[in-house]
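# Commentary on secondary and tertiary structure
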Amino acid sequence: MSEGRWAIIVHGGAKDIPPERWQIHRDGCLVALAAGQAILEAGGSALDAVEASVRALEDDPTFNAGYGSVLNAKGEVECDAAIMDGRTLDVGGVAAVKTLRHPISVATAMLPERPVLLVGDGAECFAREIDAELCDPRDLIVDHPEADDPGCDTVGCVALDIHGDIVAGASTGGLKGARAGRVGDSPLPGCGLYADNATGGVSLSGEGESLIRVTLASRLMRALESLPPGPAIETALAALARVGGEAGLIVIDAEGRIDWGHNSAQFAVAHASSNRPPQAFVSRAEDTAKDAE
Ligand code: ASP
């Protein structure tokens with residue numbers, strides 16, 4: 001159905017963003033979008049596009065992932081990331097890692113492995129085995145402007161390539177001040193992300209403890225079986241109301257339709273497709289093209 005079309009959407013986290021920081025968030029999302037878009041336009045894979053876009057977001061200290069991650073209660077950075085391939089349903093994830101420069105790339109290297117998720121030392125040992133880029137944990141720490149303290153957010157990307165493959169990825173520094181060893185929804189399929197070529201793909205941001213309790217990604221995917229992306233997102237957000245908490249969702253369905261939604265004050269997003277130019281927003285209300293595809 002989507003053959004020949006490509007689409008990509010990235011996000012920089014569901015949270016309060018002060019107005020003076022809106023453009024910085026939009027610009028950061030556009031830079032990350034361009035990295036993935038270039039791959040899709042050249043006929044490359046959704047897998048490569050998602051990894052490239054999430055790496056760009058991990059490089060940008062505006063966002064709470066990779067470089068710029070928040071500190072936990074012990075004053076340390078602990079990152080989680082995952083990626084899911086909707087063609088094979090392969091999933092790769094890492095959690096509570098401290099020395100990975102690009103957690104999303106180690107998650108991607110996990111895709112052909114039998115385990116779905118490696119945590120802590122096990123994940124870092126795997127990263128060394130594959131010669132992943134390592135860093136001193138202190139090198140990931142950034143002095144955030146007080147006005148833009150990323151107490152809660154994550155980055156993510158969903159892409160559809162011209163071959164019809166849909167991939168979702170997520171990467172996060174978790175929640176500021178969280179207990180050491182705490183892992184949220186981001187590396188858990190069905191909670192922080194999911195992708196299935198037959199239906200679509202989703203990546204989320206929000207309070208992991210709430211998202212996990214209602215397996216929000218899985219609810220979105222179920223709704224997407226019978227609804228277009230917009231109403232499916234509404235259905236998922238309504239399910240979250242039972243436990244409360246903020247969330248933002250980015251979605252591409254099997255037909256290549258892009259949509260997104262959030263119940264947080266802001267949610268920085270950029271998207272583009274083979275028939276829509278790149279655009280960035282900090283709230284869904286700004287995006288008037290509503291399901292133009
Ligand atoms: N979902 C992430 C977590 O709970 C944080 C966020 O997206 O705000 O770790």
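Residues numbered from 1 in each chain as written. Predicted model: local features only at pLDDT ≥ 70, side-chain atom pairs only at ≥ 80, totals over all residues. Heavy atoms only, no water.

So, about the pattern of salt bridges. Counting across every chain of the model gives seven salt bridges. Between Glu286 and Arg26 there is a salt bridge whose closest N-O contact spans 2.7 Å. A residue pair is termed long-range when its members are at least 10 positions apart, and Glu286 in the segment after β12 (276-281) and Arg26 in helix α1 (residues 22-41) qualify at 260 residues. Exposure remark for Arg26: the relative accessible area of 14% places this residue in the buried category. Across the salt bridge formed by Glu76 and Lys98, the nearest N and O atoms sit 2.9 Å from each other. Pair noted here: Glu76 is in the loop between α2 (46-59) and β2 (79-85) and Lys98 is in the loop between β3 (90-97) and α3 (103-109), with a separation of 22 residues, a long-range link. A relative accessible area of 26% means that Lys98 is categorised as partly exposed. (Salt bridge = Lys/Arg side-chain N within 4 Å of Asp/Glu carboxyl O. Helix = DSSP H or I, 4+ residues; strand = E, 2+ residues; numbered from the N terminus. Buried < 20%, exposed > 50% of the residue type's maximum accessible area, 1.4 Å probe, protein only.)

The subject of this paragraph is the site of the ligand. Close to the ligand lie 13 residues; Asp153, Thr154, Arg182, Asp185 and Gly206 are nearest. The contact in question runs from an oxygen atom of the ligand to an N or O atom on the side chain of Thr154, over 2.5 Å. The contact in question runs from a nitrogen atom of the ligand to an N or O atom on the side chain of Asp185, over 2.6 Å. Relative to its free-state accessible area of 270 Å², the ligand is covered by the protein chains to the extent of 100%. For the ligand, the cavity whose grid points lie within 2 Å of the majority of its atoms is the second largest cavity. (Near = heavy atom within 4 Å. Polar contact = N/O pair within 3.5 Å; in protein donor to acceptor, adjacent residues only side chain to side chain. Areas by Shrake-Rupley, 256 points an atom, 1.4 Å probe, with all protein chains shown as cover. 1 Å grid on protein atoms, 1.4 Å probe; cavity = no way out; pocket = protein on both sides within 12 Å on 5 of 7 lines; lining within 4 Å. Sits in = over half its atoms within 2 Å of the grid points.)

Attention now moves to the packing of aromatic side chains. Counted by the stated rule, this structure contains two aromatic pairs. With centroids separated by 6.1 Å and ring planes inclined at 45 degrees, the aromatic side chains of Trp260 and Phe267 adopt a geometry described as tilted. For the pair Trp260 and Phe267, a shared accessibility class is recorded, and that class is buried. Three or more aromatic residues joined by ring pairs make a cluster, and in this case those are Trp260, Phe267 and Phe281. (Phe/Tyr/Trp six-rings, centres within 6.5 Å; stacked < 30°, edge-to-face > 60°.)

Next up on the list: the state of the cysteines. All chains considered together, the criterion is met by zero disulfides. You can see Cys125 has no disulfide; the closest cysteine sulfur is in Cys135, sitting 17 Å from it. Here Cys135 stays free of any disulfide, with the sulfur of Cys79 as its closest cysteine sulfur at 8.1 Å. Judged by relative accessible area, which is 16%, Cys135 ranks as buried. (Disulfide = S-S within 2.5 Å.)

Fair warning: the whole summary comes from geometry, so function is off the table for now.
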